[in-house]
Amino acid sequence: MDEIRIDNLEIYCHHGLLKEETVLGQKFLLSLVLYTDTRKAGRTDDLSFSVDYADIAHFTEKKMKEKNYKLIEAAAEHLAEDILIHYPSVRKVCVELKKPWAPILLPLDSVSVKIERQWTRAYLSIGSNMGDKQANIEQAVVALMKDERIENVKMSKWIETEPYGYVDQEKFLNAAISIDTLYSPQELLEFLQKVEKDGHRERTIRWGPRTIDLDIIFFGDKIINEEELMIPHRDMQNRDFVLVPLEEIAPWAVHPVFHKTVSEMLTDFKKRHLLSV
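Model, not experiment: these values are computed from the prediction.

Caption draft 1: Geometry of the packing of aromatic side chains. Tallying each qualifying case throughout the model produces 4 aromatic pairs. Pairing Tyr12 with Trp101 gives two aromatic rings, centres 6.5 Å apart and planes at 75°, and the pair type is edge-to-face. Within this pair, whereas Tyr12 is found in strand β1 (residues 2–13), its partner Trp101 is found in the loop between β3 (92–99) and β4 (111–118), the two being separated by 89 residues in sequence. Judged by its relative accessible area of 41%, Tyr12 is partly exposed. Here the aromatic rings of Tyr183 and Phe191 are separated by 5.5 Å at their centres, their planes lie at 25°, and the arrangement is stacked. We classify Tyr183 as buried; its relative accessible area is 12%. The residue whose ring lies beneath Lys92 is Tyr35, and the NZ or CZ to ring-centre distance is 4.8 Å.

See the structure below:
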């Protein structure tokens, strides 16, 4: 992506741990790198196809003064998120916040924090086999669409599938969802578990019946192997109820471990299934 830079924007505000900092205030220097596509603006000479750096500078000053934070880490974090939510054409931002008057009683130029945040494409699997299955799924999708840290929600068609693992239960409705999100993978998992809880999901039997089930299949090209979170989903290649709807919306998405597209994995699954019949 292309870059638009704002260097050392001077803003006087009231962030800090000490009472003197919050009451008297101090100078901060803020630098931004805005990642966006400037090609169309460059070809047309039309600002509407780019990012107005003057507007962002004033927006930044306003946000930096709206609320006082104890930590410059918090000020930088909230500013990065505000910019990404407010300016859709900015897909990634680097924020460096310098504190030249840091009260540490030693000579220095400044203390600073520098962070990068961005929208990331993630793919989810969603399913239900209790109650009004369609309504359960629709309610969960609405919850995704209402969250400001999630955008561009797109869902595949529903498919009806046999239960997996624990077979003594009703058939499932399944679908795949693509989203762009500002959440980290761990934060997204926490959010999805809240959506499940709000949908009265109860975890009593492994692979058992559920009102709503949400799994992270891909999160960008990340590979995560933790006790509570594995990305890509460790068994997706063996689940047609994941692969079939996912191929509809992301046939060329590549598994970062197997280095195969979703279409290729679905073809492999069908070949294995035919051989086992």
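Once you've had a look at it, read on.
Caption draft 2: Summary view of the side chain of Lys133. With respect to the element layout, Lys133 can be found in helix α5 (residues 133–146). Reaching out from Lys133, the side chain makes a polar contact with the backbone oxygen of Lys171 at a distance of 2.7 Å. When residues no more than four places from it in sequence are discounted, the contact partners of Lys133 are Ser128, Glu170, Lys171 and Leu173.

Procedures and definitions
Residues numbered from 1 in each chain as written. Predicted model: local features only at pLDDT ≥ 70, side-chain atom pairs only at ≥ 80, totals over all residues. Heavy atoms only, no water. Phe/Tyr/Trp six-rings, centres within 6.5 Å; stacked < 30°, edge-to-face > 60°. Helix = DSSP H or I, 4+ residues; strand = E, 2+ residues; numbered from the N terminus. Buried < 20%, exposed > 50% of the residue type's maximum accessible area, 1.4 Å probe, protein only. Lys NZ or Arg CZ within 6 Å of the ring centre and 35° of its normal. Polar contact = N/O pair within 3.5 Å; in protein donor to acceptor, adjacent residues only side chain to side chain. Contact = heavy atoms within 4.5 Å.

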